[in-house]
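# Analysis of the macromolecular model
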Amino acid sequence: MKGKPSSGYRVFQAVNTILMIFVIFITLYPFIYLTAQSFSSDAAVSAGKVTFFPIDFNLDTYKYILRDNQFFKYYFNTIVYSAVGTVISVLFTALLAYPLSKPRLRLNKYITPMVVFTMYFAGGMIPNYIVVTQWLGLQDSMWAIILPGTISTFNLLVMKSFFAGLPEELEEAASIDGMDAYGIFVKIILPLSKPIIATMALFYLVTMWNEWFSPMMYLDSKDKWPIALYVRQLVEGANNTEVGASAEASSVQATLKSASMLLTSIPIICVYPFVQKYFVQGMTIGAVKG
């Protein structure tokens, strides 16, 4: 028969519950605040009256955004950059992580330290800019945003750790059956690696979706901007002149930033529940077997 929990355990549960509620609150409050602002009037937001609930509820801001074709152009650009960048990054990270997970390969003891070195020391912004714009000629191109950050060293090491934990016997059996290294990787390793692939895809997707600094440096054409750069310009007030060009835009100016940030974050929020199971599993396995 199960005994009653001790008083010390009950105190622990109470404190733990209160602490978790507090963590949830401080995590959700920025999102709640943005949502309340986006549905409030400009005057209420400017006066600082909005906290948890909308004041003078209206949809003027969203009506203005939905009629702004440029906003959807930026959104489409972000979808393209994020989708292409995530696929390329996950593919190349896996292609490098798999051989690095094999200690029997002689050059690994030299290549792995070189890869880890890049995690702590970077070339710097100016050398990167020169390489991207002058040597590679990628100025004002989508590839200037995608290629420089194709492989994250941290993500590479996590994926390498996952591959190292897979049973060697599976590869040996496939090799005996006549399968070459590429066949083993595609038909054996990748199907077993769904958790870590989903984890890496989420990491790269979030990074690409929120990227604004590289587009600011490399994209000369405004019609190639991602949505994150547009929102950043709104937050910094760089677009105040354009936003204030009409009476309608002026009436939603204070809520436009909140609505834009909210609409920008919704796709990532919608994607996460579908990969949460793989995300937790992939990170746990990668951490335990690292």
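Look a little higher up for the structure.
### Quick look at the overall build of the chain
The helix and strand tally for the chain stands at 16 helices and 0 strands. Looking at the chain residue by residue over its 290 residues, the buried ones come to 36%. The long-range fraction of contacts in the chain, counting pairs at least 24 apart against all pairs at least 6 apart in sequence, stands at 70%. A total accessible area of about 17300 Å² is found for the chain, and carbon and sulfur atoms account for 68% of it.

### A few points about the pattern of salt bridges
Under the counting rule described, the total for this entry stands at 4 salt bridges. Of the charged contacts in the structure, one is a salt bridge between Asp140 and Lys224, with a shortest N-O distance of 3.6 Å. Of this pair, Asp140 sits in the loop between α6 (125-135) and α7 (143-146) while Lys224 sits in the loop between α12 (213-218) and α13 (227-236), placing them 84 residues apart in sequence. A relative accessible area of 17% means that Asp140 is categorised as buried.

### Quick word on the environment of Tyr75
Assignment of secondary structure puts Tyr75 in helix α4 (residues 69-100). Spatially, the C-alpha atoms of Tyr75 and Leu263 are 9.6 Å apart, while their sequence positions differ by 188 residues.

### Remarks on the nonpolar core
In this structure, Ile65, Phe71, Tyr75, Trp225, Ile227, Tyr230 and Leu263 are the most contacted members of the largest nonpolar core, which totals 25 residues. For this core, the secondary structure elements donating two or more residues are α3 (60-66), α4, α7, α11 (194-210), α13 and α16 (253-288). If sequence neighbours within four positions are ignored, Phe71 has contacts with Ile65, Ile227, Tyr230, Ser260 and Leu263. Membership of the second largest hydrophobic core comes to 19 residues, among which are Val115, Ala174, Ile189 and Ile196.

### Quick notes on unusual backbone geometry
In this structure, Asp56 takes a positive phi of about 60° despite not being glycine. Along the chain, Asp56 falls in the loop between α2 (42-46) and α3. Notably, Asp140 is not glycine yet its phi reads approximately 60°, a positive angle.

### Quick notes on the side chain of Asn108
Position of Asn108 relative to the elements: it lies in helix α5 (residues 108-120). Residues within four places of Asn108 in sequence aside, it is in contact with Pro99, Leu100, Ser101, Lys102, Pro103 and Pro113.

### Overview of the side chain of Glu171
With respect to the helices and strands, the residue Glu171 is situated in helix α9 (residues 168-176). Judged by its relative accessible area of 6%, Glu171 falls in the buried class. The residues contacting Glu171, other than those within four sequence positions of it, are Tyr98, Lys102, Arg104, Ile184 and Ile189.

### Considering the environment of Ser193
Position of Ser193 among the secondary structure elements: in the loop between α10 (181-192) and α11. The buried category is assigned to Ser193, whose relative accessible area is 0%. A sequence separation of 34 residues divides Ser193 from Met159, and the C-alpha atoms of the two residues are 9.0 Å apart. Residues contacting Ser193, with those up to four places away along its chain left out, are Phe162, Phe163 and Leu166.

The rules behind these values
- Note that residues are indexed from 1 along each chain, following the sequence as it is written.
- The predicted origin of the model limits local features to residues at a pLDDT of at least 70 and limits the giving and counting of side-chain atom pairs to 80 or more, whereas totals for whole chains, interfaces and linings rest on all residues.
- Here the side-chain values reflect all heavy atoms present in the structure, with hydrogen atoms and water set aside.
- Helix numbers and strand numbers start at the N terminus; a helix is a DSSP run of H or I with at least 4 residues, a strand a run of E with at least 2.
- Buried, partly exposed and exposed residues are distinguished by accessible area as a fraction of the type maximum, computed with a 1.4 Å probe on protein chains only: under 20%, between the cut-offs, and over 50%, respectively.
- Contacts were defined at the residue level, with two residues in contact if any of their heavy atoms lie within 4.5 Å.
- With residues, only the protein chains shown are counted as cover, and all accessible areas are computed by Shrake-Rupley using a 1.4 Å probe.
- Salt bridge, as applied in this entry: a Lys or Arg side-chain nitrogen positioned within 4 Å of an Asp or Glu carboxyl oxygen.
- Residues belong to a common nonpolar core when they are buried Ala, Val, Leu, Ile, Met, Phe, Trp, Tyr or Cys residues joined through side-chain atoms within 4.5 Å.

Remember, this is a structural readout, not a statement about activity or role.
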